[in-house]
Each structure stands twice: as structure tokens, then as C-alpha cells.
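Per-entry structural report
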Amino acid sequence: MYDTPVSSVAAPPAQPVPFLDFSRQFASIRDEVMSAIEEVCVSQRFILGPEVASFESAAALACAAPHAIGCASGTDALWLALAAAGIGDSASSTRSTSQHAVVTTPFSFFASASCILRAGARPVFADIDPLTFNLSPAGAKDVLSRHPGTLKAILPVHLFGQCADWDAFTRLQQHHPGLLLIEDAAQAFGATWAGIPAGGLGDAAAFSFYPTKNLSAFGDAGLLTTRSSQIDRRARSLRAHGMTRRYFHDEVGWNSRLDTLQAAVLEVKLRHLPAWTQQRRNLAARYSELFLAAGIGVLTEPGAPRTIADGIVLPYTAPRAQHVFHQYVIRAPRRDDLRAALSAQGIGTEVYYPLCLHQQDALRDLGYRTGDFPEAERAANEVLALPIYPELRDDEQQIVVEAIARFYA
Ligand SMILES: Cc1ncc(COP(=O)(O)O)c(C=O)c1O
């Protein structure tokens, strides 16, 4: 099945494998992107405008969401979603007096929790599901029962490109009238749960187009989607200083407009995203095949959970989820030593994330301690993201797997 059997390769690879290489993607769409950029330059209109409106419509369609609002970053999109939904009091006051709380995961990028504080509410953490790394619905349910009244929303993160268990979160919402579901879909444009795209699942959702994301801008950019026309109206106002009429301010908002150039680039890339996503899925499937063939990978699933005592634990995809593999993340025995060995051979990897949010110095005031979320903490010690991007070549994947096989030999 493979050109060279993994076990027969003894010499270290001469060829480095970068963790990310977007220059290959740029080369493949250069003419389209440059002509979109040129059109904006000719128009000399750089803030919002028809390109932003056009990208918003295309993104709303792709997410099966009635409304999409472009903004300056994924972090802002999260804040706008919360503020426009009336969670916290940052949109109506400059000093937080809110008792509102929002439950989220401690195993994510910092913005998943900091946006809650910025909105003027309090983040409350629940542990993760060890199979998917996503917020555990059972953990969120337990938190809900301990914070009656103050918990206004659940903010699950579709980590690494796989939607959180939306059936379970929808059931929780049904039992708690008024509770909102806000998706942190920063890593999951194009992912689906039961056929419904990320961005169309919750009351509102936030996307990041940071340059390393699976749909990426040429700088910072973000998007909020929502099914609520009220959230749509308020988010549009909040992203432009609470201003619906020029220089008349209804409330204190922020400057979080989406640049016209970014929208023009994003709309070109959005047209290619389905093909790129398919490539990512193929690459993920091939990684798993290679690890299994090398005898060092193990599959994990609900009835038969596996740990690093069994080998490299390969990514698990829930039956109702369509994973976009923004990242291909394994659990690896002796993770840090493996990472150093790969790095010495020019193979790039990343650790998302080495320290959980409840252990961050900046969030010490929340009162959590090491040991509070054992699954999240275990994941932080074991996860390793391998190179994955649509243009990654078969021979590069093989080099990565062979190097890992040699490390464990
Ligand atoms: C899960 C998650 N949430 C939020 C963000 C914030 O997005 P941005 O960097 O565009 O502000 C990111 C980006 O890294 C992310 O990965």
C-alpha cells in the first residue's frame, strides 16, 4: 500500500516537513486572489463595503445561518456574540457588575474564556470528553445544576475542527429555558454535526480567520453568525461603536469592522474550501492508516477507550460529526521527547495547548486549582498536532510517520 515499508527505513529524513506552509496554497490561487485585491485597491474603499457584504452572504449560506457579521478577529466575534446576546454587561457599562456566568472548556485557546470576562461575565469551566477533547456535556450539566439562575450560556469549542456533541447540548438547552448556546467555531469552518454546519447549530457562533486557520485571511479577521435578527442588529451596531446612524451612538460598542481587503481574500478562499477540506480529511485518514500499518497507532472509541499506555492514540471522530481536521492531533507517549526528536529532524509539530485555561496565571482569580479538570490536564500533557494542510504531500506524511516510528523503535 505504501512506497516504502515504514519499518525498513533506517536513515533519518534529509527533507524537513514544515508544520504549516501556506505559500503552496497561495501559489495555487495567486491570480484569483491578486485580482480580488486589485479590485479593492482600485475602488480605494478599505472598510466594510460591498466586498464585506458579499462575503457575509456567502459565509451565511455556507454555515446555513440566516445572518453573518464580519469583524476584526475571532476573539472579537466571540465578544460580539456574547455582548449582542445580552450576556455580561460590557456592552452597556464600562464597569462589570454582572452576575452572569458562562460555562466553557478549560482546554482551548485563551480567547474562549477571556471573551467571557471581556463581555463582563464569569467563565465557569467543566472538564472535557477525553475522546474528542471537546467540552463534556455531562460536565456542563453538572455545572448547570450547581449554578442555578446565573448560568446564561454554554460556550462549547469545536476543537481541532470537530463539532462538540450538539445533540447533548441541545437537550441541555431544552431543559433550561433561556440558556443560550454559543459556538466557538474558530477552528471549524465547514465542519458539521448531523449534517448541520458549524455556525448554524447554536444561537450564535464565532469564527476566526487568523492566517493559520483552515479558512484564513491575510491578517486578522473574524465572523459571527446567528439565527437571531436581534443579535444580528446589535452585533452590527456594536462592531461600529454602537452607531446605527453616523455619529449618533446608541450604546458603547467597539471598533471591530472587517477590512474590505480581508473580505475579498476570504471570499476567493471560501470557494476553494470544500476541496481543501476534502484534502484534509484524506490526509487525516492516511495518517491513521500509516500509524496502524506501522503498528504504533491505536484507535479509541466510546466502548474501548485507549490511552498512551497502548501506543499513539489516533484522533476519534464522533459518528454524527464531520471533522474538517483543522488539526490532526494524536496523544503521544513521552510527547515532549518525541517533539524534540522530530524538531531535530526538521519536522514541525505543535502543542495545542500545553497549559489549561484554569491553570493560567491571568485567570488565577477564578479560584481553580491543578487537579480540578483531570481530563483536560491529561490532554495538555499528551497531545501533539502533526503537519496537516491541503497541500501536504504523501511523501511528507510518510516522512513524519517514519520518524515517529523510529523514535518508538
Ligand atoms: C478556539 C479558538 N477560539 C478563539 C480564537 C481567537 O481567534 P483570533 O485569533 O482570530 O482572535 C482562536 C484562534 O486562535 C481559537 O483557536
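Just so it is clear, the structure is predicted and the values come from calculations on it, not from any experiment.

So, on to the sheet that holds strand E9 (residues 222–226). Reading across from one edge, E1-E9-E8-E5-E4-E2-E3 is the order of the seven strands in this open sheet, with mixed pairing throughout. Either end of the sheet is taken by a strand with one partner, and the two such strands are strand E1 (67–71) and strand E3 (122–125). Direction aside, the axes of adjacent strands within the sheet are offset by 25° on average. Along the sheet, helix H6 (residues 166–175) makes contact with strand E4 (151–155) and strand E5 (180–184), crossing E5 at roughly 155°.

Glancing now at the packing of aromatic side chains. Ring pairs (aromatic) are described by centroid distance and by the angle formed between their planes. Across all of its chains, the model carries 19 aromatic pairs by this definition. For the ring pair Phe-109 and Tyr-353, a centre distance of 6.5 Å and an interplane angle of 40° mean the geometry is tilted. Residue Phe-109 is located in the loop between strand E2 (101–104) and helix H4 (111–118), and its partner Tyr-353 is located in the loop between helix H9 (335–344) and helix H10 (374–382); the two are separated by 244 residues in the primary sequence. Classification of Tyr-353 by relative accessible area gives buried; the value is 12%. Ring geometry for Phe-125 against Phe-373: centres 6.3 Å apart, planes inclined by 80°, an arrangement best described as edge-to-face. Placement of the pair is Phe-125 in strand E3 and Phe-373 in the loop between H9 and H10, with a sequence separation of 248 residues.

Okay, the pairing of E3 next. As paired strands, E2 and E3 are joined by four bridges and run parallel to one another. Paired with Thr-104 across the bridge in E3 is Phe-125. Where the polypeptide runs from E2 across H4 and back to E3, its parallel neighbour, the crossover connection is right-handed.

Here we come to the site of the ligand. Contacts to the ligand come from 15 residues, most closely from Gly-74, Thr-75, Asp-184, Ser-208 and Lys-213. Here Asp-184 contributes a side-chain N or O atom positioned 2.8 Å from a nitrogen atom of the ligand. Take Ser-208: an N or O atom from its side chain is 2.7 Å from an oxygen atom of the ligand. Among the elements of the structure, helix H3 (74–84) and H4 are those that each provide at least two residues to the shell around the ligand. The leading source of residues in the shell around the ligand is H3, at three residues. For the shell around the ligand, the class distribution of residues is six nonpolar, seven polar and two charged.

Looking now at the side chain of His-67. Here His-67 lies in strand E1. A distance of 3.4 Å separates polar atoms of two side chains, one belonging to His-67 and the other to Asp-232.

To continue, consider unusual backbone geometry. Omega for the peptide link from Tyr-352 to Tyr-353 comes to 10°, which places this bond in the cis form. Here the phi dihedral of Ala-64 falls at roughly 50°; this positive angle occurs in a residue that is not glycine. Looking at where Ala-64 falls in the secondary structure, it is placed in the loop between helix H2 (50–63) and E1.

Moving on, we get to the sheet that holds strand E6 (residues 192–193). The sheet built from three strands is open, its strands ordered E7-E6-E14 with antiparallel pairing. In this open sheet, the two strands that pair with only one neighbour each are strand E7 (196–197) and strand E14 (321–322).

In this structure the tally under the stated criterion is 19 salt bridges. Between Asp-336 and Arg-335 there is a salt bridge, with its nearest N and O atoms 2.6 Å apart. Using a relative accessible area of 6% as the deciding quantity, one classes Arg-335 as buried. Arg-378 is the partner of Glu-382 in a salt bridge, and the nearest nitrogen-oxygen pair spans 3.6 Å. In this pair, Glu-382 and Arg-378 are both assigned in helix H10, four residues apart and thus about one turn of the helix distant. Via salt bridges that share partners, Asp-21, Arg-24, Arg-393, Asp-395 and Glu-396 belong to a single interconnected network.

Together, Phe-46, Ile-47 and Leu-261 give the surface a local cluster of nonpolar side chains, amounting to about 220 Å² of exposed area. Looking at the element boundaries, Leu-261 is found in helix H8 (residues 260–293).

This next bit is on the domain arrangement of the chain. Annotation of the chain at the domain level lists domain 1 (26–267) and domain 2 (272–408). Between the C-alpha centres of domain 1 and domain 2 there is a distance of 25 Å. On the side of domain 2, 38 residues touch domain 1, which itself brings 38 residues to the contact. Summed over both partners, the interface of domain 1 with domain 2 comes to about 3,400 Å²; 67% of that surface belongs to carbon and sulfur atoms. Counting the surface domain 1 buries against domain 2, the share from its top three residues, Phe-125, Leu-131 and Phe-160, is 21%. At the boundary of domain 1 and domain 2, one finds one salt bridge. Between domain 1 and domain 2 we count 17 residue pairs in polar contact (both at pLDDT 80 or more) in total. At the level of elements, helix H1 (22–43), H4, E3 and E6 are the ones that each hand at least two residues to the side of domain 1 that touches domain 2.

Now for the confidence of the model for the chain. In the predicted model, the chain carries a mean pLDDT of 94, and 95% of its residues have values of at least 70. Element-level pLDDT for the chain is lowest in strand E10 (residues 243–245), with a mean of 91, against a maximum mean of 99 in strand E8 (residues 204–208).

What counts, and at which threshold
- Residues numbered from 1 in each chain as written.
- Predicted model: local features only at pLDDT ≥ 70, side-chain atom pairs only at ≥ 80, totals over all residues.
- Heavy atoms only, no water.
- Pairing = 2+ DSSP bridges.
- Helix = DSSP H or I, 4+ residues; strand = E, 2+ residues; numbered from the N terminus.
- Axes fitted to C-alpha atoms, helices over the stretch in contact; angles between N-to-C directions.
- Contact = heavy atoms within 4.5 Å.
- Phe/Tyr/Trp six-rings, centres within 6.5 Å; stacked < 30°, edge-to-face > 60°.
- Buried < 20%, exposed > 50% of the residue type's maximum accessible area, 1.4 Å probe, protein only.
- Right-handed = clockwise from strand over helix to strand, strands pointing away.
- Near = heavy atom within 4 Å.
- Polar contact = N/O pair within 3.5 Å; in protein donor to acceptor, adjacent residues only side chain to side chain.
- Nonpolar A, V, L, I, M, F, W, Y, C, P; charged D, E, K, R; others polar.
- Salt bridge = Lys/Arg side-chain N within 4 Å of Asp/Glu carboxyl O.
- Patch = residues over 30% accessible without salt bridge, like charges linked within 9 Å, V, L, I, M, F, W, Y side chains within 5 Å.
- Areas by Shrake-Rupley, 256 points an atom, 1.4 Å probe, with all protein chains shown as cover.
- Domains from an automatic or database assignment.
- Buried area = accessible area lost by both parts, 1.4 Å probe.
- pLDDT = per-residue confidence, 0-100.

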